[in-house]
Amino acid sequence: MIYLHLFLAFLKIGAVSFGGGYGMISLVRETVVSNGWLTDTQMMDFIAVSESTPGPIAVNMATFVGFSQGGVLGAILATLGVIMPAFLIMLLIASVMKTFMKRKGVNAFLEGVRPGVVALIMSTAVTMGLSTLFGVGGELYVNILGLAIIAVVATVSVLYKKYRKKKISPILLIALSAVIALCVNLIIHG
Amino acid sequence: MSKGKTVLTLFLTFLKIGAFTFGGGYAMIALLEEEFVGRRKWLTHEEFLDIIAIGESTPGPLAINSATFIGYRQAGFFGSLCSTLGVVIPSVIIITVISLFFDRFMQFRYVQYAFEGIRACVVYLIFSAGLRMFKGLKKKPITYFIFGVVAALFISFYIFGIGFSSVICILACGCVGLFVYALASLKKPVLADNTGESENETRPRDTEFPQREGGAGK
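A. Summary view of the pattern of salt bridges. Evaluated as defined, the whole model comprises 8 salt bridges over all chains. Residue Asp40 of chain A pairs with Arg29 of chain A through a salt bridge whose shortest N-O separation is 3.0 Å. With Asp40 of chain A in helix 3 (residues 40-52) and Arg29 of chain A in helix 2 (residues 20-34), the pair connects residues that are 11 residues apart, well separated along the chain. A salt bridge links Lys140 of chain B to Glu111 of chain A, with the nearest nitrogen and oxygen atoms 2.9 Å apart. Taken together, the residues Lys140 of chain B in the loop between helix 5 (109-135) and helix 6 (141-159) and Glu111 of chain A in helix 5 (residues 104-134) connect one chain to another. The pair formed by Lys140 of chain B and Glu111 of chain A is uniform in burial state, with each residue classed as buried. A cluster of three or more residues bridged by salt bridges with shared partners is formed by Glu111 and Arg114 of chain A together with Lys138 and Lys140 of chain B.

Structure (structure tokens):
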């Protein structure tokens with residue numbers, strides 16, 4: 001039963017994903033690829049889409065995966081699954097356990113979780129890079145365009161931060177890399 | 001303001017926030033602050049920072065965490081329910097509409113060309129988000145240890161094509177955190193002169209319930 005499967009899969013993701021939307025990416029990727037719901041490439045395309053549309057990335061991803069597997073009902077169930085743990089936990093904290101977060105044990109657990117989550121996020125980026133830029137996991141190649149785009153995007157965002165004193169919007173970076181890739185490909189392939 | 005009206009205000013405010021924040025939870029923080037600390041004065045600046053800290057350290061999207069918390073504080077259970085639904089509804093509608101056309105959209109040649117660049121950009125975006133979070137971590141040996149082990153395991157498992165469970169990994173990291181804490185609190189009374197270890201740094205603020213938490217951590 002796909003509906004139940006979607007709901008439970010995203011319930012699990014919602015319950016253990018610390019560190020916001022990016023913390024969720026490695027989990028969602030693992031779940032959708034192992035279930036054969038999406039390929040790695042579709043997953044990356046959709047991360048770009050959820051970066052460019054409003055709303056929390058986690059909710060966007062749950063809706064997208066849910067819709068692709070089970071239509072509107074699938075989208076709603078996956079979304080409910082992903083938000084339910086956060087909702088219930090916060091309700092509990094807000095109502096009875098205001099001092100919960102100050103418990104030493106909770107704090108110690110989270111001190112261990114935080115670096116793990118950051119490692120998962122960065123490793124996800126590294127493995128995604130290995131697969132799109134060098135074809136690791138299939139036939140090996142070097143994606144020169146991709147490497148060049150990363151170099152441009154990194155330079156632009158560092159310069160932007162230096163001169164404008166704030167973080168550049170991811171949407172701008174996505175748009176920039178789309179334009180570069182489109183132009184280069186049009187010149188090469190026509 | 002009557003309770004019904006508060007609930008309605010919460011719903012509409014979070015609907016607006018859900019519809020206009022691009023770039024996930026962190027982008028939302030600025031909007032939430034402007035709305036609830038600045039305009040409506042429902043929260044003080046300290047309370048707001050506490051909500052973010054709690055939201056950061058509990059699982060789930062930050063947007064949901066803060067909507068639930070603020071909603072509950074202002075109008076109880078229905079407040080939290082309506083705030084959470086409000087923040088989620090725009091995403092669900094927008095993404096469902098996009099999903100309807102996504103496959104057809106991706107088949108255009110120009111779109112495929114553009115997405116070749118976008119994929120590289122996504123790698124950069126995720127990596128730099130990780131890097132920002134890395135800089136915010138506590139600078140302790142155990143932090144680097146957990147980070148190094150998890151990253152090495154994840155990447156080598158990927159290269160050799162072995163399945164990896166992030167869930168088990170996250171729980172294991174939490175247990176390592178508890179274990180280190182338990183060790184630190186057990187060691188404290190016995191080896192008072194043991195220097196150069198990571199747990200020494202945590203000593204001053206960990207003096208409250210060392211025995212009990214040490215027992216709970218095993």
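The discussion continues.
B. Seen up close, the nonpolar core. Counting 110 residues, the largest nonpolar core has Phe10 of chain A together with Phe14, Phe36 and Ile126 of chain B as its most contacted members. When residues no more than four places from it in sequence are discounted, the contact partners of Ile126 of chain B are Tyr22, Ile25, Ile47, Ile121, Ala125 and Met128 of chain A.

C. Just the interface of chain B and chain A, in detail. With 91 residues of chain B at the interface, the matching set in chain A holds 98 residues. Both faces considered, chain B and chain A share a buried interface measuring about 8,500 Å² in area, 78% of it formed by carbon and sulfur atoms. Close ionic contact of Glu111 of chain A with Lys138 of chain B constitutes a salt bridge, the shortest N to O distance being 2.5 Å. Of all the elements in the fold, those that place two or more residues in the side of chain B that touches chain A are helix 1 (3-20), helix 2 (25-39), helix 3 (45-57), helix 4 (62-106), helix 5, helix 6, helix 7 (166-190) and helix 9 (210-216) of chain B. Ranked by residues supplied to the side of chain B that touches chain A, first place goes to helix 5 of chain B with 23 residues. The class makeup of the residues in the side of chain B that touches chain A is 58 nonpolar, 21 polar and 12 charged.

About the cut-offs
- Think of each chain on its own: its residues are numbered from 1, step by step along the sequence as written.
- For this description, chains carry letters from A and ligands carry numbers from 1, given in the order in which they are written.
- Reporting of local features is limited, given that this is a predicted model, to residues whose pLDDT is at least 70; pairs of side-chain atoms are given and counted only at 80 or more, and all residues count toward the totals for whole chains, interfaces and linings.
- As a rule here, side-chain values come from all non-hydrogen atoms in the structure, and water together with hydrogens is ignored.
- Should a side-chain nitrogen of Lys or Arg be within 4 Å of a carboxyl oxygen of Asp or Glu, the pair is scored as a salt bridge.
- Every helix listed is a DSSP run of H or I at least four residues long, and every strand listed is a run of E at least two residues long, numbered separately from the N terminus.
- Relative accessibility decides the category of a residue: with a 1.4 Å probe and only protein chains considered, values under 20% of the type maximum give buried, values over 50% give exposed, and everything between is partly exposed.
- We call a set of buried Ala, Val, Leu, Ile, Met, Phe, Trp, Tyr and Cys residues a nonpolar core when their side-chain atoms join them within 4.5 Å.
- Contacts are assigned to residue pairs that have any heavy atoms within 4.5 Å of one another.
- Using a 1.4 Å probe, buried area is obtained as the accessible area two parts lose upon being combined, added over both of them.
- Three classes are used, and their members are as follows: Ala, Val, Leu, Ile, Met, Phe, Trp, Tyr, Cys and Pro are nonpolar, Asp, Glu, Lys and Arg are charged, and the others, Gly among them, are polar.

That is the geometry; function is a separate question.
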